[in-house]
Amino acid sequence: MKDKLEQIKNKALKMLEGAKDLNFLQTIETNLLGRKGELTNLLKQVKDLPNDQKPIVGKMANEVKNEIVDIIKNKIVELSQADKISSTPLDMTWPGEPAEIGHLHPITQFQRKIEDIFLSMGFEILEGREIETPKYNFDLLNIPKNHPARDMWDTFYLEKGLVLRTHTSPMQLRAMETRKPPVRLLVPGRTFRHEATDASHETTFHQYEGLVIDENISVRNLLSTLESFFQTLFGKEVKIKANGSYFPFTEPSLEVSMSCLICHGEGCSVCKKTGWLEMLGAGMVHPKVLKNMGVDPEKYSGFAFGGGIERLMMLYHGIDDIRLSYKGDLNYLEQF
Ligand code: PHE
């Protein structure tokens, strides 16, 4: 009887292995384990065995039965899955899931908006380098070594005496190495300052720098250019005003403000009740700087300005914390 069991087991395993569809599986199951199945019959005969054989053969027969039942169960799962896949029609023309596409960072988008406005006013757009030499970041801009004015920019100093540019102004000098007046240049780009961060300060930020040099350029040209820029950007009647300021590379130097977008000059919390928002530093290019550019200050004059892109963007979109732009937070970024 043991041999018989062994035989049944081997035959069953072979057949099950080759089973390719559920019907065939059903047949194998009935033939073995059905009411008149081979294994069922054998199990029935166990009771007629001598007493000392009964438990041993009984146990063995049950093991064979369980083994076969397990294999059948697994086979059913396997075959029914294969069945499902092969019965699902495959349409190769069905459109795929659209891939999620990102977009330009809000600061880049806004920078391009600024560029477009200046392009429409005939400016050339240039980019500088983020790592500068002190010569371009300071010296040629009339900020000598050890002059207290250097402290106006909290600088990150790098190895080999290099600096992370503290403003986009060094590009005024670099650009003029390969150009002659008349020029109208706009230099947007990333700048760095060693400052504590808060809602309106970041160590990394962006500036847009303007430089116009020609004959007979005056403060009036500077102010009307900036007024057109702000009016085009905000699409409404904004006024600008200029207060005296100090930068070593401009003379006179100006602090340019724009009438508050929220209260239109009445005074509110955004403009700290002054009715004005400080927008950028500007002025007439200092004669010494013109000379450093190889431009004759007797013949030419020019204006320059430099403002923060984030500050402008925050006003434009109503964002209250500059740090949001550098977090990589999708909830924020996906709103643009
Ligand atoms: N570079 C100055 C700053 O970062 C701004 C400025 C640019 C002022 C050009 C005058 C002319 O503070």
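All figures in this text were calculated on a predicted structure; none of them were measured in a lab.

### Details of the packing of aromatic side chains
Two numbers describe a pair of aromatic rings. These are the distance of the centres and the angle of the planes. According to the stated counting rule, one finds twelve aromatic pairs in the structure shown. When the ring of Tyr-208 is compared with that of Phe-229, the centres are 5.6 Å apart and the planes differ by 50 degrees; the resulting orientation is tilted. Taken together, the residues Tyr-208 in strand β5 (residues 204–214) and Phe-229 in helix α8 (residues 219–234) connect sequence positions 21 residues apart. With centroids separated by 5.2 Å and ring planes inclined at 65 degrees, the aromatic side chains of Tyr-332 and Phe-336 adopt a geometry described as edge-to-face. Aromatic ring contacts, followed pair by pair, group Phe-118, Phe-123, Tyr-208, Phe-229, Phe-230, Phe-303 and Phe-305 into a single cluster. Directly above the aromatic system of Tyr-136 lies the positively charged group of Arg-174, at a separation of 3.7 Å from the ring centroid.

### Let's talk about the site of the ligand
His-167, Ser-169, Arg-193, Gln-207 and Gly-306 are the nearest of the 15 residues found near the ligand. Take His-167: an N or O atom from its side chain is 2.9 Å from a nitrogen atom of the ligand. Between the ligand and Gln-207 there is a distance of 3.0 Å, counted from an oxygen atom to a side-chain nitrogen or oxygen. For the ligand, the protein covers 93% of the area, taking 330 Å² as the surface of the free molecule. Of all the elements in the fold, those that place two or more residues in the shell around the ligand are β5, β8 (276–285) and β9 (301–308). Ranked by residues supplied to the shell around the ligand, first place goes to β9 with three residues.

### A few points about the packing of helix α2 (residues 22–33) against helix α4 (residues 54–87)
Where α2 meets α4, the closest approach of the two axes is 10 Å, and the angle between their N-to-C directions is 165 degrees. Taken together, α2 and α4 sit at an angle that is classed as roughly antiparallel. Of the two possible hands of crossing, α2 and α4 adopt the one that is left-handed. Counting all contacts with α2, which are made through Leu-22, Leu-25, Glu-29, Leu-32 and Leu-33, the residues of α4 involved are Lys-65, Ile-68, Val-69, Ile-72, Lys-75, Ile-76, Leu-79, Ser-80 and Asp-83. Its residues placed into classes, the contact of α2 with α4 shows nine nonpolar, one polar and four charged.

### Regarding the environment of Lys-47
Position of Lys-47 among the secondary structure elements: in the loop between α3 (38–45) and α4. Separated by 131 residues in the primary sequence, Lys-47 and Thr-178 place their C-alpha atoms 108 Å from one another.

### A few points about the pattern of salt bridges
In this structure the tally under the stated criterion is nine salt bridges. In this structure, Glu-67 and Lys-9 form a salt bridge, with 3.4 Å as the shortest nitrogen-oxygen distance. Remark: Lys-9 occurs in helix α1 (residues 2–18) and Glu-67 occurs in helix α4; sequence separation between them is 58 residues. Its salt-bridge partner being Glu-124, residue Arg-179 comes within 2.6 Å of it at the nearest N-O pair. Placement of the pair is Arg-179 in the loop between α7 (170–176) and β4 (183–192) and Glu-124 in strand β1 (residues 124–125), with a sequence separation of 55 residues. Residue Arg-179 is classed as partly exposed on the basis of its relative accessible area, which comes to 22%.

What counts, and at which threshold
Residues numbered from 1 in each chain as written. Predicted model: local features only at pLDDT ≥ 70, side-chain atom pairs only at ≥ 80, totals over all residues. Heavy atoms only, no water. Phe/Tyr/Trp six-rings, centres within 6.5 Å; stacked < 30°, edge-to-face > 60°. Helix = DSSP H or I, 4+ residues; strand = E, 2+ residues; numbered from the N terminus. Lys NZ or Arg CZ within 6 Å of the ring centre and 35° of its normal. Near = heavy atom within 4 Å. Polar contact = N/O pair within 3.5 Å; in protein donor to acceptor, adjacent residues only side chain to side chain. Areas by Shrake-Rupley, 256 points an atom, 1.4 Å probe, with all protein chains shown as cover. Axes fitted to C-alpha atoms, helices over the stretch in contact; angles between N-to-C directions. Parallel < 35°, antiparallel > 145°, perpendicular 65-115°, else oblique. Left-handed = near helix turned anticlockwise from the far one by under 90°. Contact = heavy atoms within 4.5 Å. Nonpolar A, V, L, I, M, F, W, Y, C, P; charged D, E, K, R; others polar. Salt bridge = Lys/Arg side-chain N within 4 Å of Asp/Glu carboxyl O. Buried < 20%, exposed > 50% of the residue type's maximum accessible area, 1.4 Å probe, protein only.

Shape is all these values report; function is a separate question.
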